[in-house]
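# Chains, contacts and geometry: an overview
Residues per chain, in single letters:
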Amino acid sequence: MPNSSKGNQICTLVIFGATGDLTHRKLIPALYHLKLEGLLSSKVQIIGFARQSKTDAEFRTGLKAAHKEVSRTLYDEEFWQVFDKQISYHQSNFDDLEGYKSLEAKLQAYEKENNTPSNRLYYIASSPSFFGPILDFLKQSGANNSVDGGWRRVIIEKPFGTDYDSACKLNQAVAGSFEEADTYRIDHYLGKETAQNIMVLRFANTIYESLWNNRYIDQIQITVAEDLGMEAGRGAYYDQAGALKDMVQNHLLQLLTLVAMESPVDLSADAVRDEKVKVLRSLQRLDTPEKVKKNTVRAQYAQGSVKGEAVPAYVDEDRVPKDSKTETYVSLRLFVDNWRWKGVPFYLRVGKRMAKKSAQISIFFKQVPSVLFNENQKLAENVLMIKMQPDEGVAMKLMSKVPGSSFELKPVDMNFDYETTFAKQSAEAYERLLLDTMSGDATLFIRKDEVEEAWKFIDDLTAVWKEESNDIDLAVYEAGSWGPAEADALISKMRHQWLEI
Ligand code: BG6
């Protein structure tokens, strides 16, 4: 089970695609903070592997500038100087065998000289078209083979394929070079503190699990809203993907599995993932035009304003075609067909350029019987809110008596806030995930069968959306709003409403 007290193992981390945004804005800041917390040995080497020609010093300068901008803690120049000694750069094309061979020779010489173990962590963070070639060249150069008992692990960034077939192909390519047990498919949502807390909340408390089923739960909402539109340079990728593939296939379905899964037999990576994959297999398929029209809404943002600033429509964003029909918002009504969840709708909604950034899971419990207090007034349901970002915590909506001589009732919130309770800022998801890969814990990573199951579900749905004769509308919402009116209509069919966040 995830347990950072295990600490990391000394290794060399090679990042493919090291000149990209992910390395600058997420990976290096995460490694810096691991070091700050005493969780990264000074013997861990970090090597950026990319095509651009750069010296070590130039590479480090670029990383430093980005780190300063995004660091979650106050930047400390002296500490950075200690940290960046662990970073170097290796220039090579991704399809140049010589580049891999010279890296391998360099690493072996370093390990011998410094008497460090021959453990290697390869992080593939390049553009997806290079995932296959990089895996292949790692194999051809022998870099995937253990030397002197050292381990070899590979981390693969998203997107893991663009559909079921391409994901299977990529899985085959990975399997050709690495064991499944050494393969870490990243979904950074699983590294978020509150996502990890879902299992604890459910299985380390008596009160929730006994009510966690269709007898007591009326509906579940998972909202992941972003106020951002297209970040620089992302338009072309995003327009191919859309919100369904970019967010639902991975992050939202993963959150759903954590909420819906059965208790695993133990906390090992495979036991947890066995339960998650069962949830994916129990999802009612959205594979006919009727089902899709009834249970999905896709939409795109028009111009509007976010935080008081005017923002353009999606089609006016950089590198987005003017006639794009890509969805930037999706809401879905899903059903998990098993004994525990039969009949309980899981409402998912995700979108760019919404009113504010927020990720939250809300569990709505059933109404009390209409006797006593709710004979004359409608009582609000109890809602358990698992808040993932920007604030992290758990809150429960309860009915309470308003002080005074009459029996007036009002919903109130019982709140637990991470930062106040633990007086500590949560680590970034990538900190946790990098640490886990170094210590060999795959619980928070996606297994081969999980990624394939998720794609099967998504493929069914996209096939219906894509077929023009099905006439599936692309709704419109104003940037800065909570999504299109059609999404309210979708959920009101069962007399539900989106929780105001
Ligand atoms: C990424 C998506 O996986 O997650 C992005 O590709 C999205 O489009 C991002 O912006 C959201 O992550 P977070 O952690 O900011 O909610």
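Everything here concerns the structure above.
In this report, the structure presented in the accompanying data block is examined. (Residues numbered from 1 in each chain as written. Predicted model: local features only at pLDDT ≥ 70, side-chain atom pairs only at ≥ 80, totals over all residues. Heavy atoms only, no water.)

### Focus: the pairing of strand β7 (residues 217-225)
Successive residues of a regular strand alternate their side chains across the two faces of the sheet. In plain terms, the rule: The buried label goes to any residue with under 20% of its type's maximum accessible area, the exposed label to any with over 50%, and the partly exposed label to all in between, with areas taken from a 1.4 Å probe on protein chains only. We count a stretch as a helix when DSSP gives it H or I for four or more residues in a row; a strand needs E for two or more, and each element gets its number in order from the N terminus. At least two bridges found by DSSP between two strands are what make those strands a pair.
Of all nine residues that make up β7, eight are buried, and the element is covered over most of its length. Note: β7 against strand β13 (residues 358-365), eight bridges, orientation antiparallel. Each residue of the ladder has a partner; that of Ala-225, found in β13, is Ser-358. Examined bridge by bridge, β7 and strand β12 (residues 345-351) share six bridges and lie parallel to one another. Paired with Val-224 across the two strands is Val-350, which belongs to β12.

### Regarding the pattern of salt bridges
Applicable threshold: Take a side-chain nitrogen of Lys or Arg and a carboxyl oxygen of Asp or Glu: if they are within 4 Å of each other, that pair is a salt bridge.
Taken as a whole, this structure holds 29 salt bridges when the rule is applied. Lys-26 is the salt-bridge partner of Glu-428, the closest N and O atoms lying 3.9 Å from each other. Remark: Lys-26 occurs in helix α1 (residues 21-36) and Glu-428 occurs in the loop between α12 (418-422) and α13 (429-439); sequence separation between them is 402 residues. Exposure remark for Glu-428: the relative accessible area of 36% places this residue in the partly exposed category. In this structure, Glu-209 engages Arg-340 in a salt bridge whose closest nitrogen and oxygen atoms are separated by 2.8 Å. Linking Glu-209 in helix α8 (residues 206-209) with Arg-340 in the loop between β11 (329-335) and β12, this pair joins segments that are 131 residues apart in sequence. The pair formed by Glu-209 and Arg-340 is uniform in burial state, with each residue classed as buried.

### What to know about the sheet that holds β11
To be explicit about the condition: The angle between two axes is taken between their N-to-C directions and runs from 0 to 180 degrees, where each axis is a line fitted to C-alpha atoms and a helix contributes only its stretch in contact. Residue contacts are defined here by distance: any two heavy atoms, one from each residue, within 4.5 Å place the two residues in contact.
Strand order in the open sheet formed by nine strands is β16-β15-β14-β13-β7-β12-β11-β8-β17, and the pairing between neighbours is mixed. Bordering the open sheet on either side are β16 (409-417) and β17 (475-478), each of which pairs with just one other strand. Across the sheet, the mean angle separating the axes of adjacent strands is 20° when strand polarity is ignored. Where strand β8 (residues 296-302) meets β17, four bridges bridge the pair, whose relative direction is parallel. Note on β17: the bridge partner recorded for Tyr-301 is Tyr-477. Against the sheet, helix α15 (residues 485-492) makes contact with β7, β8, β11, β12 and β17, and its axis sits at roughly 10° relative to β11, the strand it touches most.

### Description of the packing of helix α9 (residues 235-260) against helix α14 (residues 448-466)
Keep this limit in mind: Orientation is classified from the angle alone, with under 35 degrees giving roughly parallel, over 145 giving roughly antiparallel, 65 to 115 giving roughly perpendicular, and any other angle giving oblique. Working rule for handedness: look at the near helix, and if it is turned counterclockwise from the far one by less than a right angle, call the crossing left-handed; if clockwise, right-handed. Three residue categories are used. Nonpolar comprises Ala, Val, Leu, Ile, Met, Phe, Trp, Tyr, Cys and Pro, charged comprises Asp, Glu, Lys and Arg, and polar comprises the others, including Gly.
The geometry of α9 relative to α14 is characterised by a closest axis approach of 10 Å and an angle of 135° between their N-to-C directions. Comparing their axes, α14 and α9 come out oblique. Handedness of the α9/α14 crossing: right-handed. Where α9 abuts α14, its residues Leu-244, Lys-245, Val-248, Gln-249, Leu-253 and Gln-254 lie against Glu-450, Val-451, Ala-454, Trp-455, Phe-457, Ile-458, Leu-461, Thr-462 and Trp-465. In the contact of α9 with α14, the residues fall into ten nonpolar, three polar and two charged.

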